[in-house]
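Structural features, examined
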Amino acid sequence: MKTMGFHTSDYGINPDKMYIMGSSAGAGTCLAVAYFEPEDITTPVNTAIWGDWEGNSGNPGYSSAISGLVALWGNVTDTLTIKPGDAPLGLMHSIYDPTSPYYSDIDPILGKGYGSYYIHQRAENTGIETQLHTYYYKGHGTGLANPQYLDTTITFSANFFYELEN
C-alpha cells in the first residue's frame, strides 16, 4: 500500500495509527495535541483565521487521533485534560531540569506548570498506559545532545512505540 508518499508495507508502517514524539516545547505540543480537546481551551480561538480544530491537512480519510506519544522534557499547565481512554504516554525527564520542571513550578507568564512526574501520575490514575524514565543529570534535553544519554533516549522511545504495536 502506498500512503502519503510512503511505501507503508515496505517499512512495516500501520497507516491507521499515528505516533508522535517531541522534546521540550515539542513535548508540550505533543501533549497538547494528544490530550487537549476544544472544550479544554479557555480562550476563544478565531476559527476564521486559524481554522477548525481538526484543520485541513490535505489528507482526507485519515484520523488525527494520536495512538501514542513520547514527551521528552515537557510540561503542561493542567493535568486534568488527560482523561481515561486517551493515548498511551512515554515520558523522559531529568529530575534536575532547570528549564522545564520535573515536578511543578510557577511560570510568571503561564502560571502553574506540571512536569513529567505529575503527568505520569495523572496518566496512571486515569488508567492510561504510561512509562516514565527519570534522568539524574542537571540539564534540559541533555538526553538528546549528550552521547552518554542518547542511546537510552532512543532505546526507551523505540521500545515504547514497539510495545504499543505488538
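That block above? That's the structure.
Residues numbered from 1 in each chain as written. Predicted model: local features only at pLDDT ≥ 70, side-chain atom pairs only at ≥ 80, totals over all residues. Heavy atoms only, no water.

**A word on the packing of aromatic side chains**
Aromatic ring pairs are reported here in terms of the distance separating the ring centres and the angle at which the planes meet. Here the structure, examined in full by the defined rule, presents 13 aromatic pairs. Ring geometry for Tyr-114 against Tyr-118: centres 6.2 Å apart, planes inclined by 85 degrees, an arrangement best described as edge-to-face. On the basis of relative accessibility, which here comes to 25%, the residue Tyr-114 falls in the partly exposed class. Both rings, one in Phe-160 and one in Phe-161, keep their centres 6.0 Å apart while their planes meet at 65 degrees; by these two values the pair is edge-to-face. Three or more aromatic residues joined by ring pairs form one cluster here, namely Tyr-102, Tyr-103, Tyr-114, Tyr-117 and Tyr-118. (Phe/Tyr/Trp six-rings, centres within 6.5 Å; stacked < 30°, edge-to-face > 60°. Buried < 20%, exposed > 50% of the residue type's maximum accessible area, 1.4 Å probe, protein only.)

**Comments concerning helix α4 (residues 116-125)**
Helical geometry: 3.6 residues make up each α-helical turn, so side chains three or four residues apart lie on a common side. For α4, every residue scored as buried is listed here: Ser-116, Ile-119, His-120 and Ala-123. Axial view of α4: buried residues confined to an arc of 100 degrees, hence all on one face. The first or second residue beyond α4 is Gly-127, which carries a positive phi of 85 degrees. (Helix = DSSP H or I, 4+ residues; strand = E, 2+ residues; numbered from the N terminus. Arc of directions from axis to C-beta.)

**Quick look at the sheet that holds strand β3 (residues 19-23)**
The strand order across the open sheet formed by four strands is β3-β4-β5-β8, and the pairing between neighbours is parallel. Among the strands making up the open sheet, the edge pair consists of β3 and β8 (130-135). With direction set aside, neighbouring strand axes in the sheet form an average angle of 10 degrees. (Pairing = 2+ DSSP bridges. Axes fitted to C-alpha atoms, helices over the stretch in contact; angles between N-to-C directions.)

**Here we look at the environment of Asp-16**
Within the secondary structure, Asp-16 is located in the loop between α1 (8-11) and β3. C-alpha separation for the pair Asp-16 and Ser-63, spaced 47 residues apart in sequence, amounts to 7.5 Å.

**Looking at the nonpolar core**
Leu-31, Tyr-35, Ile-66, Leu-69, Leu-89 and Ile-119 are the most contacted members of the largest nonpolar core, which totals 17 residues. At the level of elements, α2 (25-35), β4 (68-72), β5 (89-94) and α4 are the ones that each hand at least two residues to this core. When residues no more than four places from it in sequence are discounted, the contact partners of Leu-69 are Ile-20, Cys-30, Leu-31, Ala-34, Tyr-35, Ala-87, Pro-88, Leu-89, Gly-90, Phe-160 and Phe-161. (Core = buried A, V, L, I, M, F, W, Y, C linked by side-chain atoms within 4.5 Å. Contact = heavy atoms within 4.5 Å.)

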